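Structure assessment
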Amino acid sequence: MLYAIFATDVANSLDKRLAARPAHLDRLQSLQDQGRLVLAGPTPAIDSPDPGAAGFSGSLVVAEFADLQAAQQWADADPYVAAGVYDTVEIRPFKQVFPG
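The present account deals with the structure reproduced in this document.

Procedures and definitions
- Residues numbered from 1 in each chain as written.
- Predicted model: local features only at pLDDT ≥ 70, side-chain atom pairs only at ≥ 80, totals over all residues.
- Heavy atoms only, no water.
- Helix = DSSP H or I, 4+ residues; strand = E, 2+ residues; numbered from the N terminus.
- Salt bridge = Lys/Arg side-chain N within 4 Å of Asp/Glu carboxyl O.
- Buried < 20%, exposed > 50% of the residue type's maximum accessible area, 1.4 Å probe, protein only.

1. Quick word on unusual backbone geometry
For the bond running from Phe 98 to Pro 99, omega is -15°, close enough to zero to count as cis. Counting through the fold element by element, Pro 99 comes out in the segment after strand 4 (86–94). Its identity is not glycine, yet Asn 12 carries a phi of approximately 55°, on the positive side. Locating Asn 12 in the fold gives a position in the loop between strand 1 (2–9) and helix 1 (14–33).

2. Side note on the pattern of salt bridges
Going through the model one piece at a time under the given rule, you end up with three salt bridges. The residue Arg 27 makes a salt bridge to Asp 78 at a minimum N-O spacing of 3.7 Å. Taken together, the residues span a long stretch of sequence, with Arg 27 in helix 1 and Asp 78 in the loop between helix 2 (68–76) and helix 3 (79–82) at a distance of 51 residues. Each member of the pair, Arg 27 as well as Asp 78, carries the same accessibility label: buried. Close ionic contact of Glu 90 with Arg 92 constitutes a salt bridge, the shortest N to O distance being 2.8 Å. Since its relative accessible area comes to 43%, Arg 92 is described here as partly exposed.

Now the structure itself:
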C-alpha cells in the first residue's frame, strides 16, 4: 500500500538539511530502485522553486510499504530525523487516483 509521509522542519533547518542530504537522498534512491517511490521532495519555505537562504519548511514522500508500521520504521530511520531537521513526521495511508 502507498503511504504519504509529511514532515515539518524545525526552524532554521537549512544547514542541518544540507549536511544530511546525501544520506537522505541515498535512501530515497533505494526506494526508487526498488520501484516503490511515487514522489519525494521538499516544500520550499517561500513561494519559489529555489528558496535560497529561506530554506525549506518540510518534505513529502509518497512510497509503497508493506504496512503503516513499516512506513513508520522507514521514516524514523531517515537521516533528517537523526540530524534534527524534522520537528514532526506524520504518516497516512494514501490512495493514488491520478495518474492512473
